[in-house]
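These are the residues of each chain, in order.
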Amino acid sequence: MQSEVEEVLPAIYGDDFTPLEATKPYKYCFSIRVSPRLLLVFRIPQQYSSASKPAPAVAVRTDRLTQSDVQLEAFAKSQLASLRSSRASDEPIIFELVSAVQEWLASPPSPQQQASSSSSTSETGAVGSAASQPQSQGIPGSLNSQPLESGSTVASAPSPDSANAPPNPTQTRWWEIQDADFSAAITEASAAAADHTVSDVSLQSMGGPEHGTWNYVIGFVGKPSSGKSTLFNASAKLIDSVGPNDPVHTIGKSAKMAAHPFTTITPNNSPGAVAVQCMCESLKRAGARSLSCYAEQIGAANGGAPPGMRYIPVSFTDVAGLVPGAYKGRGRGNQFLNDVRRADVLIHVVDSSGETDSEGRFSPDAEGDPVKDIAWVREELHLWIFQNVCAKWSAIVRKPQKLMDMFSGYDADRAMVNYSLQRAGVNTHLMQLNGLPITEWTASHLHSIVAHFLRVRFPILVALNKCDRPSSAANIARVKVAYPHERCEEVCALADLLIANLKARLTTTGSTPNASVNRLALAAATASGIPEGPKQLEEVHRLVRIFCPQLMTVLGITQPTSPTTSATATSTIPATAPLSTGVGKALTAAISLRPPCVAYPICDFETFAPIGCDPVSAATLTAPGLRECVVMRQGCTVGMLFDTVKFLGLVDGEYVYAESAVTSTAETKSVAPTKVEIRVMKKDDHIGGPDSSVIRILGTRNLTRKLVSRS
């Protein structure tokens, strides 16, 4: 409770949350503004439990109490009682209660319901009236005796006739419609946009003179309690892993994990690494027979990787949980969407088990729907942009080039916006879409443009988390049928993080006495976010059996006597595991949706030693290999690469020339080559392709350095 009142609620509601002085016997007192004229005032004891004495209390405060306000307070009290009876004593419920009140305000009761409520309250006494809520109750901050602050507006209850009144012609313009159901339009536009792929030529066109080294950011999004923070922590654990049997260390602060909504309040950030395809195999086919596979070199920079792959540095950001209505500011909506702008690609973490609903609340009967979760998260991002553009549409129609500026506000450069609009069929010179001038565009046209922009600016990988749960198999099959155009990967973030924690502790402790094994396993489980309790160790054993059976002996784990009773019997995980947790594969798949340009600046094509390496150090290499790379934005040129390595202090002076290894034609040759073909590159040539990634680049003054082996 203390965490919710002191951290969660202030972060969600911002200036609308006001702490008040609590009077005995209550522990907390605070108010939350739910409309310009209405406050909800809460008095809360230490526990929410129904057995708690005194009980929690909620009241409506305003400068002028109306019949509708009386009805609202009765509704709030009934909701509070219902939530208290259905939630654990330490589970947050205030957010759910406020959300229910806001939904009630958005859809006021009918006149018949008002009349019914009026008759019922007349029998029992007016609830929440000035007479029944005197100031002597000791609730400070009441607005009954205080005027609203200057500049606020008073929203009167809607007239029963207003809903049936003929619409005003000036209010029927499509960009002024509020709260319309755009689900079908968004689904159609998103599916159409998914049919277009971003070609290499298009990626190069999105480059610009300001583009150089790329601090690539992968953002984790999703509803609360989907395992988003767990996947973030599991992904960050990939850092400094130089082999399958080596300890895995965490760099940066791990994200808080808990089984309730809004565990993450502010974004968590951490450096990381993702495996991508390495050029070494292509060079071997092209003639570099003596080239050593990067993954087999102990001294390779950024650690080892699976064969033919290498790790490149990235950054991870775990964004606070998203809830339906975030684009309208619900939950941490506005802040969440602003945090998303930092990301270059998004991983949408979905609870494939269906064990949590759309608000992140536990659903014991697995009634959550991953198919709907995928739809509404994409809708939130879509409507965030769509509504922002609609708000400025009148000005855009008068000056069509303003449309480019609207999309540039999402950390997209001009070239990316231009490509996105052209992808949607817009002639950006005439500002026409399929021959129609902007004055004749409809909501469908704008939906199409937004859908294409999202595909380019915020490509999304769907991580079907908790794939080990019994209910996951059927849900995953439904997701793949419903979203054939989406890139989906099955993952078990909890297992990945648990195994990393177990290996780190086993490596640190060395030979562990049998009596200490369980304590070690429980410590790893707690660090991984598995709830403490009598079944904690059982969960550790279950996950180890599935994903890392090689640890079973050291942990003293035996196979279950009856395989049919295993928790995995009806899950997507077959009994013949081990299987990958899918975390590394998901990260690689995500970065492929918006691939960076990975360049390998070298000093010669014999040893493939990195640029700036002195000849003595290069001669000591036991085998040639690509040791270092530079991660750059797509569209970068040879000249930009030179500026980058010059900034890094690896070359000096002015640009002289560059040449690259040719690998694209190797497989078409009838006779295997014995030497790599070299071609000269121009300063304005694009880099990053199969024939323009391994580059020898020279300046008027070349610096030298000694290689330092990594162990």
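Bear in mind the structure is a predicted one, so any value in this text is a computation, not a measurement.

*Asks:* How would you explain the side chain of Asp 468 if you had to name every residue and give the values?
*Replies:* Inspection of the secondary structure assignment puts Asp 468 in the loop between strand E12 (460-465) and helix H15 (472-482). The exposure class of Asp 468 is buried, given its relative accessible area of 3%. Within the structure, Asp 468 has its side chain in polar contact with the side chain of Arg 542 (distance 2.5 Å).

*Asks:* I'd like a description of the pattern of salt bridges, backed by residues and values.
*Replies:* This model, assessed by the stated rule, comprises 18 salt bridges. One salt bridge connects Arg 173 with Glu 176, and the closest N-O pair in it is separated by 2.4 Å. Exposure remark for Glu 176: the relative accessible area of 31% places this residue in the partly exposed category. Salt-bridge contacts for Glu 489 lead to Arg 487; the nearest nitrogen and oxygen are separated by 3.3 Å. Connected through shared salt-bridge partners, Arg 378, Arg 455 and Glu 486 make up one network.

*Asks:* Can you lay out the environment of Val 662 for me, pointing to particular residues and giving the numbers?
*Replies:* Tracing the backbone shows Val 662 in strand E16 (residues 652-662). Val 662 sits in the buried class, given a relative accessible area of 9%. In this structure, the C-alpha to C-alpha distance between Val 662 and Pro 690, residues 28 residues apart in sequence, is 7.0 Å.

*Asks:* With reference to specific residues and values, describe the sheet that holds strand E10 (residues 432-433).
*Replies:* The three strands lie next to each other as E9-E10-E11, forming an open sheet whose pairing is antiparallel. In this open sheet, the two strands that pair with only one neighbour each are strand E9 (426-427) and strand E11 (436-437). Note: E9 against E10, two bridges, orientation antiparallel. Paired with Asn 427 across the bridge in E10 is Gln 432.

*Asks:* How would you sum up the sheet that holds strand E7 (residues 309-318)? Please name residues and give values.
*Replies:* On the basis of which strands lie adjacent, the open sheet formed by six strands has the order E6-E7-E5-E8-E12-E13 and mixed pairing. Strands with a single pairing partner mark the edges of an open sheet, and in this sheet they are strand E6 (268-277) and strand E13 (487-490). On average, adjacent strands in this sheet sit at an angle of 30° to one another, irrespective of strand direction. Pairing geometry for E12 and E13, over four bridges, is parallel. Each residue of the ladder has a partner; that of Leu 461, found in E13, is Arg 487.

*Asks:* Outline the packing of helix H10 (residues 370-391) against H15, listing residues and values.
*Replies:* Look at H10 against H15: their axes get within 8 Å of each other, and the N-to-C directions meet at 45°. Judged by the inter-axis angle, H10 sits oblique to H15. The segment H10 lies against H15, with Pro 370, Val 371 and Ile 374 engaging Asn 475, Arg 478, Val 479 and Ala 482.

*Asks:* Describe the packing of aromatic side chains, naming the residues involved and giving the relevant values.
*Replies:* Inspection of every chain in the model, using the stated rule, returns 16 aromatic pairs. Taking the centre distance of 6.0 Å and the plane angle of 35° together, the rings of Trp 393 and Trp 441 count as tilted. Residue Trp 393 is located in helix H11 (residues 393-398), and its partner Trp 441 is located in the loop between E11 and helix H14 (443-457); the two are separated by 48 residues in the primary sequence. In terms of burial, Trp 393 and Trp 441 fall into one category: buried.

*Asks:* Describe the nonpolar core, naming the residues involved and giving the relevant values.
*Replies:* If you look at the biggest cluster of nonpolar residues, it comprises 44 residues, and the most contacted ones within it are Ile 385, Phe 386, Val 389, Trp 393, Leu 403, Phe 407 and Leu 421. Those elements that place two or more of their residues in this core are strand E5 (217-221), H10, H11, helix H12 (402-408), helix H13 (414-423) and H14. Discounting residues that sit within four places of it in the chain, Phe 386 has contacts with Trp 174, Phe 182, Ala 443, Leu 446, His 447 and Val 450. Counting residues in hydrophobic clusters, the runner-up holds 42 residues, among them Met 279, Val 345, Ala 463 and Ala 589.

*Asks:* Which residues make up the environment of Lys 24, and what are the values?
*Replies:* Mapping Lys 24 onto the fold places it in the loop between strand E1 (17-20) and strand E2 (28-35). For the pair Lys 24 and Pro 45, spaced 21 residues apart in sequence, the C-alpha to C-alpha distance is 9.3 Å.

Calculation rules
- Each chain carries its own residue numbering, running from 1 in the written order of its sequence.
- Side-chain atom pairs in this predicted model are given and counted only at pLDDT of 80 or more, local residue features only at pLDDT of at least 70, and totals for whole chains, interfaces and linings cover all residues.
- Derived side-chain values reflect all non-hydrogen atoms in the structure, with water molecules and hydrogen atoms excluded from consideration.
- The secondary structure listing takes helices from DSSP runs of H or I that are at least 4 residues long and strands from runs of E that are at least 2 residues long, numbered from the N terminus.
- Burial classes: relative accessible area under 20% of the type maximum marks a residue as buried, over 50% as exposed, and values in between as partly exposed (1.4 Å probe, protein chains only).
- Within 3.5 Å is the distance limit for a polar contact, defined as a pair of N or O atoms, with the added protein rule that one can donate a hydrogen and the other accept it, and that residues adjacent in sequence qualify only through two side-chain atoms.
- Here, a salt bridge means any Lys or Arg side-chain nitrogen found within 4 Å of an Asp or Glu carboxyl oxygen.
- A strand pair is defined by DSSP finding two or more bridges across the two strands.
- For every element, the axis is a line fit to its C-alpha atoms; helices are fit only across the contacting stretch, and the angle between N-to-C directions ranges from 0 to 180 degrees.
- Any angle from 65 to 115 degrees is called roughly perpendicular, while one under 35 is roughly parallel, one over 145 is roughly antiparallel, and all others are oblique.
- What makes two residues a contact is simply this: any of their non-hydrogen atoms within 4.5 Å.
- In summary, the pairing rule links any two rings of Phe, Tyr or Trp, Trp by its six-membered ring, whose centres are within 6.5 Å, and it sorts them by plane angle into stacked for under 30 degrees, edge-to-face for over 60 and tilted for everything else.
- Grouping buried Ala, Val, Leu, Ile, Met, Phe, Trp, Tyr and Cys residues that are joined through side-chain atoms within 4.5 Å yields what is termed a nonpolar core.

None of the figures reported here should be taken as evidence of function without further support.
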